[in-house]
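# Reading the structure
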Amino acid sequence: MTTEFLQAVPVLPSQNIERDVEWYSNNLGFSREFGDGMYAGIRLNEIWLHLQWHADTPEDPLLGGSVVRIFVKNIQTYFEALVTKGVIPPDKLRLNTPWGTHEFGLYDLNQNAIFFVEDL
C-alpha cells in the first residue's frame, strides 16, 4: 500500500497560547479547533497552524528550529522505506498515541523537526 501525503502543518513557537490564538482569531480570522495552554490548533478555511508554547530560554528557545507536521495516510509504508534507507531507526514509529495518531519524527540538517502523522 502506498503512502498518501495529505498536507503540511507549520508549528509556530508561542510564549502565550491564549494570547496568540486570540490575535490570530481577531486579526486574521482563524478559529481555535483544539488545544490547551501548551499546544493549540487553529484554522482558516483549509489552512491550519499549530502553536506550541516555548519558555524562550537557552534550553527551550522560542526561535529555535521550526517544526512541520506532514499528514499522511498509510504511514507504515513510508516509515519502513525510511528505515530501509537508514534515515530513521525502527523504534521511532509511535503507534496509537494518546492524541489519536501514528507518528514519527526526525531532524533535518538544520535541526528543523519534521513529523509525519497519520490521524486514526
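These figures come from a predicted structure and were not determined experimentally. (Residues numbered from 1 in each chain as written. Predicted model: local features only at pLDDT ≥ 70, side-chain atom pairs only at ≥ 80, totals over all residues. Heavy atoms only, no water.)

## Some remarks on the pattern of salt bridges
Inspection of every chain in the model, using the stated rule, returns four salt bridges. We note a salt bridge from E18 to R32, for which the minimum N-O separation is 3.1 Å. One end of the pair, E18, is in helix α1 (residues 17–28); the other, R32, is in strand β2 (residues 31–35), with 14 residues separating them in the sequence. Judged by its relative accessible area of 43%, E18 is partly exposed. With relative accessibility at 32%, the residue R32 sits in the partly exposed group. Taking the shortest distance from any N to any O, the salt bridge between D20 and R19 comes out at 2.8 Å. (Salt bridge = Lys/Arg side-chain N within 4 Å of Asp/Glu carboxyl O. Helix = DSSP H or I, 4+ residues; strand = E, 2+ residues; numbered from the N terminus. Buried < 20%, exposed > 50% of the residue type's maximum accessible area, 1.4 Å probe, protein only.)

## Topic: the sheet that holds strand β1 (residues 4–14)
Read from one edge of the open sheet, seven strands run β2-β3-β4-β1-β5-β7-β6, paired in mixed fashion. Looking at strand neighbours, the two that pair on one side only are β2 and β6 (101–107), the edges of this open sheet. For this sheet, the mean angle separating the axes of adjacent strands, direction not counted, is 25°. Sheet strands in contact with α1 are β1, β2, β3 (39–44) and β4 (47–53), and its direction is about 155° off that of β4. Along the sheet, helix α2 (residues 75–85) makes contact with β1, β5 (67–73), β6 and β7 (113–119), crossing β6 at roughly 30°. (Pairing = 2+ DSSP bridges. Axes fitted to C-alpha atoms, helices over the stretch in contact; angles between N-to-C directions. Contact = heavy atoms within 4.5 Å.)

## Some words on α1
Taking 1.5 Å of rise per residue, the twelve residues of α1 would be expected to cover 16 Å, and the 16 Å separating its terminal C-alpha atoms lies within 8% of that figure. Considering only its buried residues, α1 is in contact with β1, β2, β3 and β4. For α1, the N-terminal cap is N16; the gap from its side-chain oxygen to the backbone nitrogen of E18 is 3.3 Å. Positioned one or two residues after α1, G29 has a phi angle of 85°, which is positive. (Expected span 1.5 Å × (residues − 1). Polar contact = N/O pair within 3.5 Å; in protein donor to acceptor, adjacent residues only side chain to side chain.)

## Some words on the environment of F34
Take F34: it is sitting in strand β2. Distance from F34 to H50, taken between C-alpha atoms, is 9.5 Å for residues 16 residues apart in sequence.

## Digging into the pairing of β5
A large share of β5 lies buried, amounting to five of its seven residues. With seven bridges joining them, β1 and β5 adopt antiparallel strand pairing. Bridge pairing links V9 to R69 in β5. Here β5 runs beside β7; their pairing, made up of five bridges, is parallel. Bridge pairing in β7 places R69 opposite F115.

## Some details on the packing of aromatic side chains
This model, assessed by the stated rule, comprises eight aromatic pairs. Each member of the aromatic cluster is reached from another via a ring pair, and the members are F5, Y78, F79, F104 and F116. (Phe/Tyr/Trp six-rings, centres within 6.5 Å; stacked < 30°, edge-to-face > 60°.)

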